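Commentary on secondary and tertiary structure
Okay, here's what each chain looks like letter by letter:
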Amino acid sequence: MNHYPNLFSPIQIGKTTVKNRIFMPPLSTNLADKGYVTDALIEHYSNRAKGGVGLIITEVTTVEPVYTYLPGDMSIYDDSYIPGWRKLTDAVHRYDTKILSQLFHPAYMAFPLPGTPQLIAPSNVGPYYAKSAPRPVTKEELQTIIRQFGEAAYRFQQAGGDGVEIQAAHAHGLLGGFLTPLYNKRTDEYGGDINGRLRLTLEVISEIRRKCGEDFIMDVRISGDEYSDGGLTLNDMIYVSKQLEAAGVNFIHVSGGNTIKRGSSMPAPGTSPAPHAHAAEEIRKHLHIPVSTVARINEPWIAEELIANGKTDICMIGRPNLCDSEFANKARAGKTDDIRPCIGCGRCLTGIMFGKPIACTVNPSVQSDAVAPAQIKKKVLVIGGGPAGMEAAYIARMRGHEVVLCEKSGELGGLLRLAAVPIGKQELCKVIKFMARRLENAGAEVRRNCEVTPQMIKEEFSGYEIICTSGAKAKEIDAFKCFKQTMTADDILSGKGFPGRKVVILGGGSVGCETADYLAPLINDWFPANRDVTVIEMTDALMAGEGGAAKSVLTQRLLKKGVKIELKSTVTKVDETAITYTKNGKEYVIDDADTLVFAVGYTPVPVECQGMHVLGDCDRVGNLKDAISAAYEFAKTL
């Protein structure tokens, strides 16, 4: 039975038939070696092909040697790269999956490796994070770059590739920069109006067609709307898409936003699915070639609905295929509960900015789900049913051990259940549900409402390998508990504590900010029943150590809701009725608050029994990715 008939129907792309409508968009991995294809890259992409994806677009592939996008990205700027690419295309084709390479010139977004010359751009306008202004690229240099795009495409064709994607979205890289009025201030034939800004992309397309012929697939990735004042609009991009079709492009990959407006091109977790589908739908009305949409299509039903309702012809599903390489096969078989849920956190890409290989919060084994059977089968007790405990128990069970997991409460999930409570965090519930179901299906014995005692360890579990994942508990500041009403953020999120109307939250980390967001009114309209929320943070930044779209969106929401944020502020005195803090050498007193909330971190729950393996927060307090990864790495060697 085909559970998603639209999603799994074939589609004609140029002269090529693709077996289904699940395409994998570019996701940088940092798995290349000086631009060359590695065994890790082959495993990464071939696993997704084996998992049922219809067409894969590889990550950024640079077309010339001077400018590097990321140190671990792929390249194809001379013939020495062809053998590695041939191995990759052969591995993907083995599963009847088509493969395109995304050709790219990073220009003003190049990684500043030592020895890199001044960065080039359409004009002397660089991104907001630039350390210095780029120089305008000359027309003579553009002719060389156009030729390099054509040669790179031809090499990929020689390596057995099915086509290429031209990246012109997000004000990103050379072509995206030329297309957007935010960066292109030229007054020659490559600037001025929309036709001038589009000219470079059209000349690249023409050169690739000349070198590779009509059978070679070519798509262009665009932002259907940049959602930014002064940027490209939907009306602009309808016109651009018509020109691209006339130039011989086979399909249009409609993304949105840009790299300037955080959260617009890579939307934050908890935001609406398929945020660019409205643009894809409108562009699709005016074309005769297929259109795809991308971003936060995390579940098969969403993709099916988008296609069935005429929003798009193709769904680009990236991070969910990273999170579960069998996403497509499981969807086709109707096994949606077995799909490891992507929570859209973006941690898969944050590490690559620092040279780390791609990773996933929910899937610690991005490259392969296989775990080796244990040579010696053991009896294993796991104490604690949070994410670390469930991961350790599952991997141990998959390796052939006899596993018992004991959770002292009536529900699995640990602190993750509280983390799912704030606004935009609902997807964490899916992680708990998935991990619990997977664990029980694997045949592990799960005991709820079971607190392990020293006597049980001595008697019932004598001879067991014991893994303790008892978690962490919220910190409180004893000296400040004299205030009329105090509680932790966890008390609020668990429903154990109910704050008053004027709330002071001590701590501006992720927990403090998410709790403020949870308590603050949805609309800042000064309605008498609204809560008045103040966050006091010692450092000069909210959510220090966090970054990306999630932090940006949450900060914007706090500001819109009227949450008062006091940075570089230290609480110096608390009595029953007043909270005193200093900021920039001045003293301030809040004397009308009714609740003081502690969001000042966590401390590991003490482990009393010797000889245990300690994992997760009770070993070292961290984030969800830290807990799952530590449990996975330990259990696969147990």
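Attention in this report is confined to the structure presented alongside it. What you see is a predicted model; the values in this text were computed from it and never measured.

1. Things to note about the pattern of salt bridges
According to the stated counting rule, one finds 36 salt bridges in the structure shown. For Arg284, the salt bridge goes to Asp313, with nearest N and O atoms at 2.9 Å. With a gap of 29 residues between them, Arg284 in helix H7 (residues 277-284) and Asp313 in the loop between helix H8 (300-308) and strand S13 (314-316) connect regions that are remote in the sequence. Accessibility expressed as a relative area gives 13% for Asp313, which makes it buried. Between Arg437 and Asp338 there is a salt bridge, and its shortest N-O distance comes to 2.2 Å. On the criterion of sequence distance, the pair formed by Arg437 in helix H14 (residues 427-441) and Asp338 in the loop between helix H10 (327-332) and helix H11 (347-350) is long-range, its members being 99 residues apart. Among the residues examined, Asp338 registers a relative accessible area of 27% and is labelled partly exposed. Look at the salt bridges and you will find they share partners, linking Asp79, Arg147, Glu151 and Arg155 into a network.

2. Some thoughts on the pairing of strand S10 (residues 217-223)
With seven of seven residues buried, S10 lies mostly within the body of the structure. Bridging between strand S9 (residues 163-167) and S10 involves five bridges; their strand directions are parallel. Looking at the pairing, Val164 lines up with Met218 of S10. Tracing the backbone out of S10, into helix H6 (residues 234-246) and back to the parallel element strand S11 (residues 251-255) gives a crossover that is right-handed.

3. With respect to H7
Ala277, Ala279, Ala280 and Ile283 are the residues of H7 that are buried. Angularly, the buried residues of H7 cover 160 degrees about the axis, an arc narrow enough to put them on a single face. Contact partners of the buried residues in H7: S10, H6, S11, strand S12 (291-294) and H8.

4. A closer look at the packing of H6 against H7
Interaxial distance between H6 and H7 falls to 10 Å at its minimum, and their mutual angle equals 45 degrees. With respect to H7, the element H6 is oriented oblique. Crossing handedness for the pair H6 and H7: right-handed. For the pair H6 and H7, the contacting residues are Leu234, Met237, Ile238 and Ser241 in the first and Ala279, Glu282 and Ile283 in the second.

5. Quick word on the packing of aromatic side chains
Within the structure shown, the criterion is met by nine aromatic pairs. Aromatic side chains Tyr108 and Tyr183 sit 4.9 Å apart centroid to centroid with 75 degrees between the ring planes, which places their arrangement in the edge-to-face category. Separated by 75 residues along the polypeptide, Tyr108 in the loop between strand S6 (98-104) and strand S7 (120-121) and Tyr183 in the loop between helix H4 (173-179) and helix H5 (194-212) bring together distant segments of the chain. Each ring, one from Tyr581 and one from Tyr588, has its centre 5.4 Å from the other, and the planes form 20 degrees; the classification is stacked. Judged by its relative accessible area of 34%, Tyr588 falls in the partly exposed class. In this structure an aromatic cluster arises from ring pairing among Tyr36, Tyr77 and Tyr81. In this structure, Lys211 is placed above the aromatic ring of Tyr154, and the distance from its NZ or CZ to the ring centre is 5.2 Å. Lying over the aromatic face of Tyr394, Arg438 brings its terminal NZ or CZ to 3.8 Å of the ring centre.

6. As for a nonpolar patch on the surface
Together, Tyr128, Tyr129 and Ile260 give the surface a local cluster of nonpolar side chains, amounting to about 290 Å² of exposed area. Relative to the helices and strands, Tyr128 resides in the loop between S7 and strand S8 (135-136).

7. Comments concerning the sheet that holds strand S25 (residues 586-590)
If you walk across this open sheet you meet the three strands as S23-S24-S25, and the pairing is antiparallel. Each edge of the open sheet is held by one strand with a lone partner, namely strand S23 (569-574) and S25. On average, adjacent strands in this sheet sit at an angle of 30 degrees to one another, irrespective of strand direction.

8. Some points on the sheet that holds strand S15 (residues 402-406)
The parallel open sheet is built from five strands, whose spatial order is S16-S15-S14-S17-S28. This sheet does not close on itself; its edge strands, each paired only once, are strand S16 (445-447) and strand S28 (613-614). Sheet topology places strand S14 (residues 379-383) next to strand S17 (residues 465-468); four bridges connect them, and they run parallel. What sits directly across from Val380, in S17, is Glu465.

9. Regarding the pairing of S14
Counting buried residues in S14 gives four out of five residues, a clear majority hidden from the surface. The sheet contact formed by S14 and S15 spans five bridges and is parallel. Opposite Ile383, over in S15, you have Cys406 as the bridge partner. For the crossover from S14 across helix H12 (residues 387-398) to S15, the handedness is right-handed.

10. Some details on H8
Within the sequence span of H8, burial applies to Pro300, Ile302, Ala303, Glu304, Leu306 and Ile307. Elements that come into contact with the buried residues of H8 comprise H7, S12, S13 and H10. In the segment just after H8, Gly310 is the residue with positive phi, at about 75 degrees.

11. A short note on the environment of Glu226
Tracing the chain through its elements places Glu226 in the loop between S10 and H6. Among all residues touching Glu226, those that are not within four sequence positions of it are His170, Ala171, Thr180, Leu182, Gly231, Leu232, Gly257 and Asn258. A distance of 2.9 Å separates polar atoms of two side chains, one belonging to Glu226 and the other to Thr180.

12. Considerations on the state of the cysteines
This structure, assessed with the given rule, holds zero disulfides. No disulfide involves Cys342; its sulfur sits 5.5 Å from that of Cys323, the nearest cysteine. Cys468 carries a free sulfur, and the closest cysteine sulfur to it, the one in Cys618, is 4.2 Å from it. The exposure class of Cys468 is buried, given its relative accessible area of 4%.

13. A closer look at the packing of helix H17 (residues 510-519) against helix H18 (residues 548-560)
Describing two packed helices takes the angle between their axes plus the distance from one axis to the other. Interaxial distance between H17 and H18 falls to 10 Å at its minimum, and their mutual angle equals 45 degrees. Between H17 and H18, the interaxial angle falls into the category oblique. Crossing of H17 over H18 shows left-handed handedness. Taken together, the residues of H18 that come into contact with H17 (itself represented by Cys513, Glu514, Ala516 and Asp517) are Leu554, Arg557 and Leu558.

Reading the values: the criteria
- Residues numbered from 1 in each chain as written.
- Predicted model: local features only at pLDDT ≥ 70, side-chain atom pairs only at ≥ 80, totals over all residues.
- Heavy atoms only, no water.
- Salt bridge = Lys/Arg side-chain N within 4 Å of Asp/Glu carboxyl O.
- Helix = DSSP H or I, 4+ residues; strand = E, 2+ residues; numbered from the N terminus.
- Buried < 20%, exposed > 50% of the residue type's maximum accessible area, 1.4 Å probe, protein only.
- Pairing = 2+ DSSP bridges.
- Right-handed = clockwise from strand over helix to strand, strands pointing away.
- Arc of directions from axis to C-beta.
- Contact = heavy atoms within 4.5 Å.
- Axes fitted to C-alpha atoms, helices over the stretch in contact; angles between N-to-C directions.
- Parallel < 35°, antiparallel > 145°, perpendicular 65-115°, else oblique.
- Left-handed = near helix turned anticlockwise from the far one by under 90°.
- Phe/Tyr/Trp six-rings, centres within 6.5 Å; stacked < 30°, edge-to-face > 60°.
- Lys NZ or Arg CZ within 6 Å of the ring centre and 35° of its normal.
- Patch = residues over 30% accessible without salt bridge, like charges linked within 9 Å, V, L, I, M, F, W, Y side chains within 5 Å.
- Areas by Shrake-Rupley, 256 points an atom, 1.4 Å probe, with all protein chains shown as cover.
- Polar contact = N/O pair within 3.5 Å; in protein donor to acceptor, adjacent residues only side chain to side chain.
- Disulfide = S-S within 2.5 Å.

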